[in-house]
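Coordinates in review
What follows is each chain in one-letter form.
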Amino acid sequence: MAMQAAKRANIRLPPEVNRILYIRNLPYKITAEEMYDIFGKYGPIRQIRVVVSTVCLEMSRIRQAKETELMACGNTPETRGTAYVVYEDIFDAKNACDHLSGFNVCNRYLVVLYYNANRAFQKMDTKKKEEQLKLLKEKYGINTDPPK
């Protein structure tokens, strides 16, 4: 065990690798316990979260969680079949990502990616900017709709 820890200390990981994995294409009826069985084989898990919606993601809470939370409620169309898995160790997350990407669960192939905060909140920013643009157009009476 000490030998493995010494080897891990010398390994340099790519910058996109982190402890949080983003999983897509999950079966819609999968439970958090079933996910724990699949992902728990690769190391201790801090948290598994089946997503409610992208707006409700509380990544600060994921990072600060002290114990494993199991939640299952990803029913909205845009978040159906997605989840986050937070590992205790970055090397366990890398191992899980390497081995489970493309893994077949209930005739669906998993897409396992590293969590990227910029990408997760990019859609929210776009929607917010579109709303602001619409308000400004109304305020100044600008009509950009094509003539009929």
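Within an unreviewed UniProt entry, the label attached to the protein reads Splicing factor 3b subunit 6, and the organism entered is Apteryx owenii. Its UniProt record gives the protein the following Subcellular location (unreviewed entry) comment, quoted word for word: "Nucleus".

So, on to the side chain of R46. Inspection of the secondary structure puts R46 in strand β2 (residues 45-50). Here R46 falls in the buried class, since its relative accessible area comes to 19%. At 3.3 Å, the side chain of R46 forms a polar contact with the side chain of E88.

Time to look at the pattern of salt bridges. For side chains of opposite charge, pairing can occur when their charged atoms come near one another. Considering all chains together, one arrives at 2 salt bridges under this definition. We note a salt bridge from E88 to R46, for which the minimum N-O separation is 3.3 Å. Residue E88 is found in the loop between β4 (83-87) and α4 (90-100), and its partner R46 is found in strand β2; the two are separated by 42 residues along the sequence. D98 serves as the salt-bridge partner of K94, at 3.0 Å between the closest nitrogen and oxygen. With a gap of 4 residues between them, K94 and D98 both fall in helix α4, about one helical turn apart. A residue is classified by how much of its surface remains accessible, and D98, at 47% relative accessible area, is partly exposed.

Cut-offs and rules
Residues numbered from 1 in each chain as written. Predicted model: local features only at pLDDT ≥ 70, side-chain atom pairs only at ≥ 80, totals over all residues. Heavy atoms only, no water. UniProt positions renumbered as here; feature names shortened; annotations may be inferred. Helix = DSSP H or I, 4+ residues; strand = E, 2+ residues; numbered from the N terminus. Buried < 20%, exposed > 50% of the residue type's maximum accessible area, 1.4 Å probe, protein only. Polar contact = N/O pair within 3.5 Å; in protein donor to acceptor, adjacent residues only side chain to side chain. Salt bridge = Lys/Arg side-chain N within 4 Å of Asp/Glu carboxyl O.

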